[in-house]
Amino acid sequence: MTFSGSVVPMGGNGANGAAKHHVLSVLVENKSGVLARIAQLFSRRGYNIYSLSVAPTEDDRFSRVTIVVDVESAPLEQITKQLHKLINVLKISEINASQAVEYELLLGSISTSSESRSEIIELVRIFDGKIVDVGFDKLTVMLAGSPKTLDDFEALLAVYPIVEIQRTGRVALQKLDRSAPTRARSKSGKAS
Amino acid sequence: MQLTGAQALIKSLEMEQVEVIFGLPGGAILPVYDPLLDSTIRHILVRHEQGAGHAAEGYAHVTGRPGVAMVTSGPAATNIVTALADAYMDSIPLVVITGQVGTTLIGTDAFQEADTTGITMSVTKHNWLVTDASQIPTVVREAFHVATTGRPGPVLIDLPKDVSNQLMEWYWPESVDLPGYKPTLKGHPKMIQEAAKLISKALRPVLYVGGGVLRADATKELLTLAEHCGIPVVTTLMARGAFPDDNPLCLGMPGMHGNYTAVTSMQKSDLLITLGARFDDRVTGNVAGFAPYAKVIHVDIDPAELGKIRNPDVPIVGDLKLVIPELTKEIKKLKVDIKAQLEPWIAELATWREKFPLTYQQDPSGRPLKPQYVIERLRQMAPPDTIVVSGVGQHQMWASQFWKFNHPNTWVNSGGLGTMGFAVPAALGAKVGRPDKVVWAIDGDGCFQMTAQELVTATAERIPIKVAILNNAYLGMVRQWQEMFYDQRYSEVYLSPDLPDYVKWAEAMGCVGIRVDSADEVQVAIEKANSINDRPVVIDFRTDTWEKVFPMVPAGKTNDEIVIGPQEMEKK
Ligand SMILES: Cc1ncc(C[n+]2csc(CCOP(=O)(O)OP(=O)(O)O)c2C)c(N)n1
Ligand SMILES: [Mg+2]
């Protein structure tokens, strides 16, 4: 994929929509036009993308596309089956929020007054965010966290005059297995 | 060995054993047309790129091998989009090669530039924009592999002009490496056992057979299964010929214009054994009321078809060629006398068949000439393995209803997309693929006018197809809907019987033209057409304008609300 970036609904507030959404982690060949094929498939079949983010993986032959789909638009099974038909799609995993680490990044520029400035700095500290740019009467803050945390942060910021907020859409990976590998497994029991 | 990209392309097509290309040259594809002169591959110069696409489809339909078309960039590429969409809907393997402007010009709105891969993305199984000549053998190999394996379909290779001129070191890839493409061929044994169990218990089973059986070349396997169990078979519009019409188990075509027995068998069925069919809305009618008592076994090579419209009780992903024999084997293991068990069902079907046959009345005076009569006479006077190609409309439904298909791949039509203008070019392609067979196009007057120019191609290339125009002077199918559902308010459906003059037009294109006005003239005209084998023949049959296709399940209604004939229509 010659493109790396993300799409999120403007002013997205994912908090209430969580149940309607599913997260698909799609491993694709890193070839030109792959993102177009995915986007085109969604629009052609009437599925809705809630958010989408894409970047090359550790192996630069592949990219990972994390798609949050609005499952009310179509059964998830049909969406994954159709996605699988794309020649460049290698693997699709549905990521269950309870069994995944999910992260999203938010950048927001906020107009400040002399009083609000310290309040905002305090808020950013509480959330473990960062002030990444400082202007004469504005601050740009950054927060990485779960989509839910970002929703909360965004809600608290909303009382200040927001110039612009940009969220990346989530990326997610399956949680790692914590149980120690069992050693002495009986060899006779054939796994199917 | 150093070759230009163009030479590499032609050599790659030769490696894929391509015997014919349907195409038309232009600027961006010029480099490829030069080495074509030195190739053993036959090129057929069409008169419109849509014709190249449909001809390639016709070829693929009857040979089971991928059809190949080659055209230039921009308008030529957009002209072939209809054929790609058609092949995509009907799972027909095509490899289409389009020229493209030079790589440095892509994105600059250069002369005859179109975003061909973008435009065709949703109507191809996959497409490739070649950016370096060294990719050509790999891409061609992949393209043929993708087009012909799994669920077949059209693919497109977009080849920029500078890439055609670029030098590359020739190689031929040993194998195809597509990590994201691995069709499942073997059905899941547990599921097949489940299916066998359901079949052994069913009392009103129906084999719901779609075009997938033909694509999988599994007609013999189907015959064995059906005859072993004595299960009746319906063949969808795409599957006519997949099971012999003359076999007593064959119920014919289901769907909107299916016959009563085929439609009702599914409505009353307790088990649909769905093989390579996809629950198209023209088959199901209102889905909520479709086959309400039936459990469903669904076998398809495309997993996305399973559960797309109707949730199967037993889903099986796999190649029908492998799954059907496995299924038969599992059924035999159960040692149930299915035939005996189905006797009441078969008897019930027989009474429906007797009570509700397909009918029409040809007035003994010979006029008006009934289209169904024409089709029956054509059939009676043609060899049994004649290939029939149709357009889209009433004539298509009559052809499917009144022909008897007893051989696979002898019925070529545009089912999923319903593309008017399909018949003439597809017939041409079919005749190129099977020159040993008689090819009749049964076309509508409206359809004929869309692509008739390919008869010029047929004459020039000595491809002696026969065309029967069922000329009802109307866009008949649309007229029928306006008559039945829009209070006979006819809006923009009249075409005229004699504008154009079809005989003169046929003659101008180098064909023999014959006109038939009455039933008495039909025999002589067909005899004459049958005797001509050195050029195309066109018969202009002036048929009854007012004839309607029945039975009919009105749009949006359930299949239980099937209207059997005009009498019943008047009552409603
Ligand atoms: C390219 C295209 N345009 C429009 C239609 C809609 N349509 C379906 S059948 C039909 C009438 C076909 O007329 P004709 O070829 O004369 O066949 P008839 O129904 O009269 O037998 C039309 C306009 C279509 N299927 N395809
Ligand atoms: Mg007509």
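Colleague: Hey, could you run me through the layout of surface pockets in this one?
Modeller: Here the idea is plain: a probe the size of a water molecule rolls over the atoms and shows the empty space left. Approximately 920 Å³ is the volume found for the second largest pocket. Gln-82, Lys-85 and Leu-86 of chain A together with Tyr-88 and Asp-302 of chain B are the residues nearest the centre of the second largest pocket, which is lined by 38 residues in total. Counting residues per element, the lining of the second largest pocket draws most heavily on helix α1 (residues 34–44) of chain A, at four residues. Taken together, the residues of the lining of the second largest pocket sort by class into 16 nonpolar, 10 polar and 12 charged.

Colleague: Can you walk me through the coordination of the magnesium ion (ligand 2) in this structure?
Modeller: Each donor-metal-donor angle in an ideal tetrahedron of four donors is 109.5 degrees, and each such angle in an ideal octahedron of six donors is either 90 or 180 degrees. Residue and element names in this part refer to chain B. Listed as protein donors to the magnesium ion (ligand 2) are Asp-445 (OD), Asn-472 (OD1) and Tyr-474 (O); their distances from the metal cover 2.0 to 2.1 Å. Mapping the donors of the magnesium ion (ligand 2) onto the primary sequence yields the spacing D-x26-N-x1-Y. Residue Asp-445 is found in helix α20 (residues 445–451), and its partner Asn-472 is found in the loop between β18 (466–471) and α22 (476–485); the two are separated by 27 residues along the sequence. Its relative accessible area of 1% is what places Asp-445 among the buried residues.

Colleague: Hey, could you run me through the state of the cysteines in this one?
Modeller: By definition, a disulfide links two cysteine residues through a covalent bond between their sulfur atoms. Residues and elements named next belong to chain B. Applying the stated criterion to the full structure yields zero disulfides over all chains. The cysteine Cys-250 is free of any disulfide, with Cys-229 supplying the nearest cysteine sulfur at 16 Å. Cys-447 carries a free sulfur, and the closest cysteine sulfur to it, the one in Cys-511, is 17 Å from it. In this structure Cys-447 comes out as buried when scored by relative accessible area, which is 2%.

Colleague: Explain the site of ligand 1 to me, please; I cannot follow it from the model alone.
Modeller: Residues and elements named next belong to chain B. Neighbouring ligand 1 are 16 residues; Gln-394, Asp-445, Gly-446, Cys-447 and Gly-476 lie closest to it. Between ligand 1 and Tyr-474 there is a distance of 2.9 Å, counted from an oxygen atom to a backbone nitrogen or oxygen. Alone, ligand 1 offers 580 Å² of accessible surface; in the complex the protein occludes 75% of this. Residues of the shell around ligand 1, tallied by class, amount to seven nonpolar, eight polar and one charged.

Colleague: Honestly, the nonpolar core in this entry has me stumped. Any pointers?
Modeller: One broad rule of soluble globular proteins: the nonpolar side chains tend to lie buried together. Residue and element names in this part refer to chain B. By size, the foremost hydrophobic cluster in this structure holds 50 residues, and its most contacted members are Phe-22, Ile-80, Val-389, Phe-448, Leu-455, Val-467 and Val-538. A per-element tally of this core places helix α19 (residues 423–433) first, with seven residues. Both of domain 1 (2–169) and domain 3 (371–550) provide at least three residues apiece to this core. Once residues lying within four places of it in the same chain are set aside, the contact partners of Leu-455 are Val-424, Phe-448, Ile-465, Val-467, Met-509, Cys-511, Pro-536 and Val-538.

Colleague: I would appreciate a short explanation of the domain arrangement of chain A in the present structure.
Modeller: Interface size, as often reported, equals the accessible area lost upon joining of the parts. Residues and elements named next belong to chain A. The domain architecture assigned to chain A consists of domain 1 (21–95) and domain 2 (101–172). Centre-to-centre separation of domain 1 and domain 2, based on C-alpha positions: 29 Å. The interface is formed by eight residues belonging to domain 1 together with six residues belonging to domain 2. For the pair domain 1 and domain 2, the summed buried surface comes to about 530 Å²; carbon and sulfur atoms form 57% of the total. The largest contributions to the domain 1 side of the interface with domain 2 come from Ser-53, Thr-66 and Ile-95, which together make up 50% of the buried area. Summed over the shared surface of domain 1 and domain 2, the result is one residue pair in polar contact (both at pLDDT 80 or more).

Colleague: Help me out: how do you make sense of the interface of chain B and chain A in this one?
Modeller: Tallying the contact residues gives 18 residues for chain B and 18 residues for chain A. In total, chain B and chain A occlude about 1,400 Å² of area from one another, counting both sides; carbon and sulfur atoms represent 55% of this. The largest contributions to the chain B side of the interface with chain A come from Met-121, His-126 and Gly-180 of chain B, which together make up 35% of the buried area. Between Asp-302 of chain B and Lys-85 of chain A there is a salt bridge, and its shortest N-O distance comes to 2.5 Å. By residue class, the composition of the side of chain B that touches chain A is nine nonpolar, five polar and four charged.

Colleague: Before we go on, may I ask you to explain the pairing of strand β6 (residues 100–111) of chain A in this structure?
Modeller: Working note: regular strand, side chains alternate between the two faces of the sheet. Residues and elements named next belong to chain A. The pairing of β6 with strand β10 (residues 171–174) spans four bridges and is antiparallel. Each residue of the ladder has a partner; that of Glu-102, found in β10, is Ala-172. Direction of pairing for β6 relative to strand β8 (residues 138–145): antiparallel, over a ladder of eight bridges. Looking at β8, one finds that Leu-107 is bridged to Met-142.

Colleague: Quick question: what am I supposed to make of helix α1 (residues 5–15) of chain B here?
Modeller: Because an α-helix packs 3.6 residues into every turn, residues spaced three or four apart end up facing the same way. Looking at α1 of chain B, one finds that the buried residues are Gly-5, Ala-6, Ala-8, Leu-9, Ile-10, Ser-12 and Leu-13 of chain B. Phi for Gln-17 of chain B, located one or two positions after α1 of chain B, is positive at around 65°.

Colleague: Would you take a moment to explain the pattern of salt bridges for this structure?
Modeller: If the charged atoms of two oppositely charged side chains come close together, the side chains can form a pair. Here the structure, examined in full by the defined rule, presents 34 salt bridges over all chains. Arg-167 of chain A is paired through a salt bridge with Glu-104 of chain A; the nearest N and O atoms lie 3.0 Å apart. Linking Arg-167 of chain A in strand β9 (residues 162–167) with Glu-104 of chain A in strand β6, this pair joins segments that are 63 residues apart in sequence. In terms of burial, Arg-167 of chain A and Glu-104 of chain A fall into one category: buried. Each of Lys-85 of chain A together with Arg-151, Asp-302, Glu-305 and Lys-308 of chain B takes part in salt bridges that share partners, so that together they form one network.

Colleague: Honestly, unusual backbone geometry in this entry has me stumped. Any pointers?
Modeller: The phi angle of most residues is negative, glycine excepted, and most peptide bonds adopt the trans form. All names here are of chain B. Note the cis peptide between Leu-499 and Pro-500, where omega equals 5°. Turning to its location among the elements, Pro-500 is positioned in the loop between α22 and α23 (502–508). Phe-550 connects to Pro-551 through a cis peptide bond whose omega is -5°. By secondary structure assignment, the location of Pro-551 is in the loop between β20 (537–542) and α25 (566–571). Phi is positive for Glu-492, close to 60°, though the residue is something other than glycine. Within the secondary structure, Glu-492 is located in the loop between α22 and α23.

Rules of the game
Numbers given for residues are sequential positions, taken from 1 along each chain in its written order. Both sets of labels track the order of writing: A upward for chains, 1 upward for ligands. Where totals are concerned, whole chains, interfaces and linings use all residues; where local detail is concerned, this predicted model gives features only for residues with pLDDT of at least 70, and gives and counts side-chain atom pairs only at 80 or more. Heavy atoms from the whole structure form the basis of all side-chain values; hydrogens and water molecules are not counted. Within this scheme a cavity is a closed region of a 1 Å grid, computed over the protein atoms alone, that accommodates a 1.4 Å probe without allowing it to escape, whereas a pocket is open but has protein on both sides within 12 Å along at least five of seven lines; lining residues each have an atom within 4 Å of a point. Grid points are joined across faces, edges and corners, and a volume is the space filled by probe spheres set on the points. Segments assigned H or I by DSSP are reported as helices when at least four residues long, segments assigned E as strands when at least two residues long, and all are numbered from the N terminus. Charged residues are taken to be Asp, Glu, Lys and Arg, nonpolar residues to be Ala, Val, Leu, Ile, Met, Phe, Trp, Tyr, Cys and Pro, and polar residues to be all remaining types, Gly included. Counted as coordinating are nitrogen, oxygen and sulfur atoms within 2.8 Å of the metal, or 3.2 Å for Na, K and Ca, while water is not included, which may make sites look incomplete. Relative accessible area decides the class of each residue, using a 1.4 Å probe on protein chains only: under 20% of the type maximum gives buried, over 50% gives exposed, and in between gives partly exposed. Counting rule for disulfides: a pair of cysteine sulfur atoms within 2.5 Å. Whether a residue is near a molecule or strand depends on its heavy atoms: if one lies within 4 Å, it is near. Distance and chemistry together define a polar contact, namely a pair of N or O atoms within 3.5 Å, with one atom able to donate a hydrogen and the other to accept it when in protein, and with adjacent residues in sequence counting only for side-chain atoms on both sides. To measure how exposed things are, a 1.4 Å probe is used in the Shrake-Rupley method; for residues, cover is taken only from the protein chains shown. For the purposes of this section, nonpolar cores are sets of buried Ala, Val, Leu, Ile, Met, Phe, Trp, Tyr and Cys residues that join through side-chain atoms within 4.5 Å. Domain start and stop points were drawn from an automatic or database domain assignment. We call two residues in contact when some of their heavy atoms are within 4.5 Å. As a working definition, buried area equals the accessible area (1.4 Å probe) given up by two parts on being put together, with both sides summed. Each salt bridge in this description consists of a side-chain nitrogen of Lys or Arg and a carboxyl oxygen of Asp or Glu lying within 4 Å of one another. Any two strands between which DSSP finds at least two bridges are classified as paired.

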